[in-house]
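Chain by chain, the residues run as shown.
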Amino acid sequence: MLKKKVFRDIKFNKSQFVTIFLMVFLGVFIYSGISSYMDGMKNGAQKYYDENNLQDVWVVGSNFTKEDLEQIRELDNVNAAERKLTVMGSIDNIKDSTAQINFIESNDISKFHVIDGIKFDKNEQGVWIDSYWAENNNLKVGDTLTIRYNEKTFDQKIVGIILSPDHVYDPKSEAELFPTHMDYGFIYLSVNEFVFGAENAIYNYILVDIDNVKNIDETKLNIENVLENAVAITDRTHDLSVKRFEDEIEEGNTYTGVFSGIFLFIAMLSVVTTMNRLVRKQRGEIGILKALGFRNKKIALLYVSYGFWISLCAGILGVILGPIIVGQIFLNMILTYYEMPELLVVVTWKTWLVSALIIGVVSIVTYLSCRNELKEKAIYLLKIEEPKTGKTNVSLDKGIFKKFGFSTKWNIRDIMRSRIRTIMGVIGVTSCCALIICAFGILNTLNDYIDWQLKDLYNFEYRIALEEGYTDKSFNDIVSSYGNNTSQTLNIEFKKEDKKEINTITVDDANGLLRYTDENRNFLELENNGIYVTRKLAETSDLKVGDTVTWHILGSDTWYSSQIIGFNTNPQNQNITMTKKYLDSMGIEYNPDKVYTNTDLSNIKELSGTEAIQNRESIIDGVESMLETMKTMVIMIIFAAIILGIVIVYNLGILSFVEKTYQFATLKVLGFQTKKIGKIFIKQNIWITFIAVLLGAPLGYYMAYFIFRMAMADDIDMMAKVNVSSYLYGIVGTIVVSFIVNYILSRKIKTINMVESLKANE
Amino acid sequence: MRDIIELNTVSKIYKTGEKEYRALDNVSLKISKGEFVVILGPSGAGKSTLLNLIGGMDSVTSGKIIIDGKDISDYNEQQLTDFRAENIGFIFQFYNILPTLTVIENVELVKEVVKKQVDAKKALESVGLEEHLNKFPNQLSGGEQQRVSIARAISKNPKILLCDEPTGALDSKTGIEVLKLLKMQCSKSSGENTVIVVTHNALFAEIADTVIRVKNGRIESVTQNQNPKMVDEVTW
Ligand SMILES: Nc1ncnc2c1ncn2[C@@H]1O[C@H](COP(=O)(O)OP(=O)(O)OP(=O)(O)O)[C@@H](O)[C@H]1O
Ligand SMILES: [Mg+2]
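Observations concerning the environment of A:Ala81
Residues and elements named next belong to chain A.
Logical step 1: By the element assignment, alanine 81 lies in strand E2 (residues 78-91).
Logical step 2: As for alanine 81 and isoleucine 206, which are separated by 125 residues in sequence, their C-alpha atoms are 6.6 Å apart.
Logical step 3: Every residue in contact with alanine 81, bar those within four places of it in the chain, is listed here: Leu69, Ile72, Arg73, Ile109, Ile206, Leu207 and Val208.

Listed below in structure tokens is the structure:
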């Protein structure tokens, strides 16, 4: 019999049960989807690095000999070491291309993941090419590439389409935050194919594999001691490719944490209130069961089973579908710009634990709410539950309250009677509004980033990266045709008190083609008597204006002292800036490595002494195409926010509607037209929506602010920007959601059957 | 005397799934203006159904209902609502007052739907609640709550006052007070207002002008009472 009651109860309280199911499902779905995505990224990268033996240490230099290599190999804790010659060139088959050309002797470290073709073999002729690049340019095994390097060209057949674990993130330059894999990629060849002969190869990298992570620091020191000619020795934590991917995970962790946390929180609140109401509504029935002689335990179990089974089904479904739908889609999206063989969602015990916790909370709340009822004697339960007196029944017949119409009074008192429901409603609608605004704010900020970095800071059309060791003649040729606007990047180590840090100094002699912004994003004129540090660097390294930092150029032992004379802001690069005049005043030689120009270089195929020519427009195009992917994610967030809003508003509406059916029926009997009752009923929800919008707008901004200012990686310093139109979307969206739900609910008033409603005095 | 209520072969059929149930079966009936009518009958006979149809709360399956010369059986929802607002007062066994409104606000509620002048205070005085105007329903006794709903019903001086077991939840002494109020509503306006009371208490028949007995969805008998007693004359 009791089983029958369970089914009937579910049938008669369909919308509440559907709510609980949906809320638990959505909460778990989003949470597990997102965490399976984050964990999938983490595990996928780890697995890829392990299986393909990514190097632990990169040694950068200008000419590593066989002896250098042997010395490293003989060090303690070193498993293996390999030399690599990396140069920049281009491929004639691909329009406007820049190619990173690598010549290697063996491939036991950072082993290729071969997608098509053969494994690396020193004695094989031919070229192994970046699979993302190949795919974007329709290149296959067997095609012939014309490779251009140092004004020489040579043809090679493609023998392998590959991925390499040290090229997960591999942009052409730091300006290209999101690689497009169109005009830039990497290729590998056996050193035997080196145009000037294998014996003339000048290796500029040594890759080192170490037996245990614990020994990395020690080994780095050892290498520093044995190799005089090493310019830099870095490990994975400082490698751009590894670091950028880790940052992606870290950033993801914060902002998805914010979203899925809020989502779970709201979902749980809504489940808890619904369950609580449901049990309270069953007061009478609990009384009857008690009067019939059912044990408290048995009754409690009955009600707990409602919450338990429903949330169990919803939870399991959520854990299964979340990773498949949300997680894998997100992973596939990031695989369009990070080069990895595959990324699979990972569902960890944490996800199961969170789901189990949710089910537990639902069951406990159900138990607690029915325990309250069970404590009372059966006879009281059978009586009508009276609204609590005291504060709830506010007297509204004094002062301005007297002027309030009936419906205002009724609504104020109704809100006071069900404060929890009202607060829940405000929280739910506020979050919905805030999520929408935040999501649009993310888009605004990313668009704003393009304007800031690529239009404000980059005030040039073309940037020419000069080749290492360029001749005076080629330099003079370039600046005489395109203007003497240059800069140099110094790799330095700086020290403040006892803390040392590796960073770069940009020496500016670009005559306004590079611009700088202050903390309010106003343009900044650089003075010639000190250095500028970016705000985020100042924060992370605890630097103040007026502080003196000492620094030296990597590879040199001369230390200089400079005073910080100002902060500048930069969205993606946290470093130090000074003018050439200041550099001159310290007596350091200026060797520009970049030339900036506004002359149209689109027809220049080759320029002696240059490594790459970059067009600002194409950088912008690349970033914009990346933003398209981000937009998809943002749209999903907005979609989820709207569903969330609808479900919460509808759920609370239904709850309050059910509670008031009896009162509405009474009003109907008295001759109130349906429309009029609807108006009274909706009034409250309009208030709630209004308050929620007022709260949601600043909250939405703050969420976006938090994500960009606090949560992003150390080298990103974007300022959250939320356009007026985004606020409008959020506010209008919320209002529309609220009105649709209200409309549906007020139509329900028509369906109230007076005779039946009044028979049972609820 | 003119007939204020006329039922013409009225049937009400409830459908539950496949089964049909005739709650009222071909009922024809006339009630004159200004009468105090008592409807008696066993449980499930169809008394409430009858009352609800007269009050425009429900619609007939077949037949006609003419109230004050107007056929309400083919009114739509809105017309029925206005009809109730203008003509009908209801009193139920459970008092049907809004818990979040005070006593006086519960009565003033009527002003929202009726054009007539309504004096809530006077109505509450006439039921002896002048002391409790600003209390909330849960601060009143059952009898007092029922008197609020009577005050609300009579405050607009409806042509027809319909009462479904109005004393059902009250002790007999309070019940008698309530009954007096209902009887007064009938006599005060010089034979303009009709009161219909559904009850299980056969003693009510002694004070009625007309007694209608209902059984199995049919009218068993309609008796005119030549000398209706005053409420106080009956030994309860
Ligand atoms: N909504 C409904 N669906 C199905 N049957 C109904 C419905 N409402 C009433 N009935 C049936 O119609 C019959 C008459 O009901 P009604 O409420 O008029 O009885 P009553 O005479 O008022 O009884 P009581 O004195 O117990 O209140 C009953 O047998 C009841 O079962
Ligand atoms: Mg009845």
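Structure shown, so let's carry the discussion forward.
With respect to the sheet that holds strand E6 (residues 88-91) of chain B
Residues and elements named next belong to chain B.
Logical step 1: Reading across from one edge, E6-E7-E8-E3-E9-E10 is the order of the six strands in this open sheet, with mixed pairing throughout. On the outer flanks of this sheet lie E6 and strand E10 (218-224), each paired with one strand and no other. This sheet shows a mean twist of 15 degrees between the axes of neighbouring strands, independent of strand direction.
Logical step 2: Lying on the sheet, helix H1 (residues 47-54) is in contact with strand E3 (36-40), E6, strand E7 (160-164), strand E8 (194-198) and strand E9 (210-215); it crosses E7 at an angle near 155 degrees.
Logical step 3: Where helix H2 (residues 77-87) meets the sheet, its contacts fall on E6 and E7, and the angle it forms with E6 comes to roughly 80 degrees.

Observations concerning the pattern of salt bridges
Residues and elements named next belong to chain A.
Logical step 1: Applying the stated criterion to the full structure yields 25 salt bridges over all chains.
Logical step 2: With its nearest N and O atoms 3.1 Å apart, the salt bridge here joins glutamate 105 to arginine 83. In this pair, glutamate 105 is assigned in the loop between strand E3 (98-104) and strand E4 (113-117) and arginine 83 in strand E2, connecting sequence segments 22 residues apart.
Logical step 3: A residue is classified by how much of its surface remains accessible, and arginine 83, at 7% relative accessible area, is buried.
Logical step 4: Between aspartate 92 and arginine 148 there is a salt bridge; the shortest N-O distance is 2.9 Å. Remark: arginine 148 occurs in strand E6 (residues 144-149) and aspartate 92 occurs in the loop between E2 and E3; sequence separation between them is 56 residues.
Logical step 5: According to the relative accessible area criterion, arginine 148 is partly exposed, its value standing at 25%.

Section: the packing of aromatic side chains
Residue and element names in this part refer to chain A.
Logical step 1: Under the criterion given, the structure shown has 31 aromatic pairs over all chains.
Logical step 2: Relative to phenylalanine 664, the ring of phenylalanine 657 has its centre 6.0 Å away and its plane inclined at 50 degrees; by these criteria the two rings are tilted.
Logical step 3: Note on phenylalanine 657: relative accessible area 6%, which makes it buried.
Logical step 4: Phenylalanine 664 sits in the buried class, given a relative accessible area of 0%.
Logical step 5: Note that arginine 244 overlies the ring of tyrosine 169, its terminal NZ or CZ placed 5.8 Å from the centroid.
Logical step 6: Above the ring of tryptophan 559, the side-chain terminus of lysine 495 is found at 4.9 Å from the ring centroid.

What to know about the pairing of strand E7 (residues 152-163) of chain A
Residues and elements named next belong to chain A.
Logical step 1: As paired elements, E4 and E7 share four bridges and run antiparallel to each other. For aspartate 116, the partnering residue across the bridge sits in E7 and is isoleucine 161.
Logical step 2: Across four bridges, the pairing between strand E5 (residues 127-130) and E7 is parallel. When the sheet's bridge partners are listed, isoleucine 129 is paired in E7 with isoleucine 161.
Logical step 3: The turn joining E6 and E7, which pair antiparallel and follow one another in sequence, is formed by two residues; a positive phi near 50 degrees is taken by asparagine 150.

Comments concerning the site of ligand 1
Logical step 1: Surveying the vicinity of ligand 1 reveals 15 residues, the closest of which are B:Ser43, B:Gly44, B:Lys47, B:Ser48 and B:Thr49.
Logical step 2: Neighbouring residues of ligand 1 are distributed over chains A and B.
Logical step 3: Take B:Gly44: an N or O atom from its main chain is 2.8 Å from an oxygen atom of ligand 1.
Logical step 4: The backbone of B:Gly46 places a nitrogen or oxygen atom 2.8 Å from an oxygen atom of ligand 1.
Logical step 5: Within the complex, 73% of the 620 Å² of free accessible area of ligand 1 lies under protein.
Logical step 6: Counting only elements with at least two residues in the shell around ligand 1, the list comes to helix H19 (754-759) of chain A together with strand E2 (19-32) and H1 of chain B.
Logical step 7: Among the elements that make up the shell around ligand 1, the one with the highest residue count is H1(B) (three residues).
Logical step 8: Among the residues making up the shell around ligand 1, the classes are represented as five nonpolar, six polar and four charged.

A word on the interface of chain A and chain B
Logical step 1: Of the residues lining the interface, 29 residues belong to chain A; the matching set on chain B comes to 28 residues.
Logical step 2: Here chain A packs against chain B, burying approximately 2,800 Å² in sum over the two surfaces, 59% of which is carbon and sulfur.
Logical step 3: When the buried area of chain A at its contact with chain B is split by residue, A:Leu670, A:Gln673 and A:Val755 rank highest and sum to 20% of it.
Logical step 4: Counting across the chain A and chain B interface gives two salt bridges.
Logical step 5: A:Arg413 is paired through a salt bridge with B:Glu105; the nearest N and O atoms lie 2.8 Å apart.
Logical step 6: Elements that contribute at least two residues to the side of chain A that touches chain B include exactly helix H11 (406-417), helix H16 (616-669) and H19 of chain A.

What counts, and at which threshold
Numbers given for residues are sequential positions, taken from 1 along each chain in its written order. The order in which chains are written sets their letters, starting at A; the order in which ligands are written sets their numbers, starting at 1. Only residues with pLDDT of at least 70 are given local features in this predicted model, and only at 80 or more are side-chain atom pairs given and counted; all residues enter the totals for whole chains, interfaces and linings. In computing side-chain properties, one takes all heavy atoms of the structure into account and sets aside hydrogens as well as water. Helical segments are the DSSP runs of H or I of at least four residues, strand segments are the runs of E of at least two, and each set is numbered from the N terminus. Working rule for contacts: check all heavy atoms of both residues, and any pair within 4.5 Å makes them a contact. The pairing criterion for strands is at least two bridges between them, as found by DSSP. Axis definition: a line fit to C-alpha positions, over the contact stretch in the case of helices; interaxial angles, taken between N-to-C directions, run 0 to 180 degrees. Counted as salt bridges are all cases of a side-chain nitrogen of Lys or Arg within 4 Å of a carboxyl oxygen of Asp or Glu. Here's how the labels work: a residue is buried when its accessible area is under 20% of the maximum for its type, exposed when over 50%, partly exposed in between, all with a 1.4 Å probe on protein chains only. Here a Phe, Tyr or Trp ring, Trp counted by its six-membered ring, pairs with any other such ring whose centre lies within 6.5 Å, and the pair is stacked when the planes are under 30 degrees apart, edge-to-face when over 60, and tilted otherwise. Charge over a ring is defined by NZ of Lys or CZ of Arg lying within 6 Å of the ring centre and within 35 degrees of the ring normal. Being near a molecule or strand, for a residue, comes down to having at least one heavy atom within 4 Å of it. The term polar contact refers here to a pair of N or O atoms within 3.5 Å; inside protein, the definition further demands a hydrogen-donor-capable atom paired with an acceptor-capable atom, and it admits residues adjacent in sequence only when both atoms are side-chain atoms. Accessible areas in this description were obtained via Shrake-Rupley with a 1.4 Å probe; residue shielding takes into account the shown protein chains only. Polarity classes work like this: nonpolar for Ala, Val, Leu, Ile, Met, Phe, Trp, Tyr, Cys and Pro, charged for Asp, Glu, Lys and Arg, and polar for all others, with Gly in that last group. Using a 1.4 Å probe, buried area is obtained as the accessible area two parts lose upon being combined, added over both of them.

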